Amino acid sequence: MEIPPALPFLLDGATGTNLIRQWSSDLCVPEYIRRHPKELTALQQAYQQAGCQAVYAPTFGASRPALAPFGLEDQVETLNRELVELTKQAVPGLPVGASISPSGLTLHPYGDAAFSELRTAVSQQAKAAKAAGADFFAVETMTSLAEARAAVLSCRKLGLPILVTLAVDEEGKTPSGASAVSCLVTLQELGIAGFGLNCGSGIQAYPELIRELRPFAKVPLIAKPSAGLPGSDGSYAMSPKAFAEGFVPILQAGAQIAGGCCGTGPEHLAALRELVDQFDFGSVQGPRDHHDLLLANGVQTFLMDDDNVEFTEPLRCSVDMADELLALEEDSRDVILVEVHTPDDALQFAINAHFTRLPVCFYSEDELSLKTALLLYQGRALVDSQSPIDRPVLERIAQKYGAVVF
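None of these values were measured; they are calculated from a predicted model.

Chemist: Which residues make up empty space enclosed by the protein, and what values do they have?
Modeler: Scanning all chains against the criterion turns up one cavity of 30 Å³ or more. Of the volumes computed, that of the largest cavity is approximately 30 Å³. Lining of the largest cavity is provided by R149, L374, Y377, G379, R380, A381, Y401 and A403. Residue classes in the lining of the largest cavity are distributed as five nonpolar, one polar and two charged.

Below is the structure:
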């Protein structure tokens, strides 16, 4: 199944905030929803009646690390299977997306998790969701580029379409400091079907954030904002009419996949359906410049002039590269040329990569070492065309990880 089958495309609204009025720290949302199937079915059918073209299964928070605090880490397969199957039964004929949320793990050096742990957390959940009949993956509310990449790389192996949305502040930054644009530039090269924002900043910030993304987007842009901020009683005050009115400038900015997050119910989506049906998407104008030499690290994006790229002297990898990388910040060169001779070199650079704000080009004589470097690099890198790996192999490795042979 192709997702989206056509544009514009309407996703659903919130699930948790519609089913659970009183939140507490000891509440496991996927387990609660599993115990209240009739309430979920009624909500999802209401979304279908409102005109939504896809519904998310409530598997948000159903990965092993997220379930562990509740003692349910051994219920990953069961929870994901039952919640996807329940959703498929509730809305026959509609595509069902398996929600993949942050796991709660944090990548080294900001936390204790290795990148492989982030991928494993998603892989177990995604396999169970696909086996239960999920039609696509909704990687949502991501707060770091590393976890979003881990989710995409894990889900991609299963062959289903992937939509990715981030939670960012009004400046377009994730809590980990990555810009939405750098995440777009990195993730769209990995073969995702759509990219955008959900939850996070208020709906008022969305038009400008979508406008910033649009010049760089090769995939449809998604907007799934919340209905304002919750009050002291946990309720959301934004009416369906106000929500739809707030969405007009978002569509004008270039979003083509719409939906709602916290506080949005079937009435909000019905109002949004009416707006989408009436909106003239052909009138949306704006720059859409696709640049071959557009790079990103974990924080920012770099638009390179491919005729005037200057590389640093080759940098050898070591356990502690902080001083060398910081010194390169004072250089006038454009790109750090990193020599990766072994998989250990790749790991050592990944551990130290946060010390630099420059883009990276990898040189390697070894296929496994190059693959490891590109796997662990949280951004979009260059690959040195002078690397003595056969050019077709070099191109294939670079393409797999969204890099550019230069």
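Chemist: Explain the packing of helix α6 (residues 115-131) against helix α7 (residues 145-156) to me, and be specific about the residues and the numbers.
Modeler: Axis separation between α6 and α7 bottoms out at 8 Å; the angle between their running directions is 50°. On the basis of the axis angle, α6 is oblique to α7. Here α6 and α7 pass one another in a crossing that is right-handed. Where α6 abuts α7, its residues F115, L118, R119, V122, S123 and A126 lie against A146, E147, R149, A150, A151, L153, S154 and C155. Taken together, the residues of the contact of α6 with α7 sort by class into nine nonpolar, two polar and three charged.

Chemist: Describe the environment of Q256, listing the residues and the values that go with them.
Modeler: Checked against the element boundaries, Q256 lands in the loop between α10 (240-253) and β8 (257-258). Here Q256 falls in the partly exposed class, since its relative accessible area comes to 28%. Distance in space between the C-alpha atoms of Q256 and P220 is 6.1 Å, their sequence separation being 36 residues. Not counting residues up to four positions away in its chain, the partners in contact with Q256 are L7, P8, F9, P220, L221 and F281.

Chemist: Explain the packing of aromatic side chains to me, using residue names and the numbers behind them.
Modeler: Across all of its chains, the model carries six aromatic pairs by this definition. Their ring planes at 75° and their centres at 4.8 Å tell us that F279 and F281 sit as a pair that is edge-to-face. For the ring pair F362 and Y377, a centre distance of 5.8 Å and an interplane angle of 80° mean the geometry is edge-to-face. You can see F362 sitting in strand β13 (residues 360-363) and its partner Y377 sitting in the loop between α14 (367-376) and β14 (382-383), a full 15 residues away along the chain. The same class applies to F362 as to Y377, namely buried. Ring pairs connect the aromatic residues F349, F362 and Y377, which therefore count as one cluster. Across the ring face of Y56, the terminal group of K224 is positioned such that the distance to the ring centre comes to 4.6 Å.

Chemist: Could you give me a rundown of the nonpolar core, with the residues and numbers involved?
Modeler: By size, the foremost hydrophobic cluster in this structure holds 122 residues, and its most contacted members are F137, L187, F195, F247, F349 and F362. Here this core gets eight residues from one element, more than from any other, and that element is α7.

Chemist: How would you summarise unusual backbone geometry if you had to cite specific residues and measurements?
Modeler: With omega at -10°, the peptide bond leading from I3 into P4 counts as cis. Relative to the elements of secondary structure, P4 occurs in the segment before β1 (9-10). The linkage connecting L7 with the following residue, P8, adopts the cis geometry, with an omega of 0°. Along the chain, P8 turns up in the segment before β1. Here the phi dihedral of C199 falls at roughly 55°; this positive angle occurs in a residue that is not glycine. Looking at the secondary structure, you find C199 in the loop between β6 (194-198) and α9 (206-213).

Chemist: Any chance you could break down the side chain of T264 for me, citing the residues and the numbers?
Modeler: Of note, T264 is situated in the loop between β8 and α11 (266-278). Apart from the residues within four sequence positions on either side, T264 is in contact with G13, A14, N18, Y47, P225, S226, A227, F243 and L269.

Chemist: Quick one: what's the story with the pairing of strand β7 (residues 221-224), residue by residue and with numbers?
Modeler: Every second residue of β7 is oriented toward a common face, with L221 and A223 on one face and I222 and K224 on the other, all of them buried. Note: β6 against β7, four bridges, orientation parallel. Paired with G196 across the bridge in β7 is I222. In terms of handedness, the path from β7 via α10 over to β8 forms a crossover that is right-handed.

What counts and what doesn't
- Residues numbered from 1 in each chain as written.
- Predicted model: local features only at pLDDT ≥ 70, side-chain atom pairs only at ≥ 80, totals over all residues.
- Heavy atoms only, no water.
- 1 Å grid on protein atoms, 1.4 Å probe; cavity = no way out; pocket = protein on both sides within 12 Å on 5 of 7 lines; lining within 4 Å.
- Points joined across faces, edges and corners; volume = space filled by probe spheres on them.
- Nonpolar A, V, L, I, M, F, W, Y, C, P; charged D, E, K, R; others polar.
- Axes fitted to C-alpha atoms, helices over the stretch in contact; angles between N-to-C directions.
- Helix = DSSP H or I, 4+ residues; strand = E, 2+ residues; numbered from the N terminus.
- Parallel < 35°, antiparallel > 145°, perpendicular 65-115°, else oblique.
- Left-handed = near helix turned anticlockwise from the far one by under 90°.
- Contact = heavy atoms within 4.5 Å.
- Buried < 20%, exposed > 50% of the residue type's maximum accessible area, 1.4 Å probe, protein only.
- Phe/Tyr/Trp six-rings, centres within 6.5 Å; stacked < 30°, edge-to-face > 60°.
- Lys NZ or Arg CZ within 6 Å of the ring centre and 35° of its normal.
- Core = buried A, V, L, I, M, F, W, Y, C linked by side-chain atoms within 4.5 Å.
- Pairing = 2+ DSSP bridges.
- Right-handed = clockwise from strand over helix to strand, strands pointing away.

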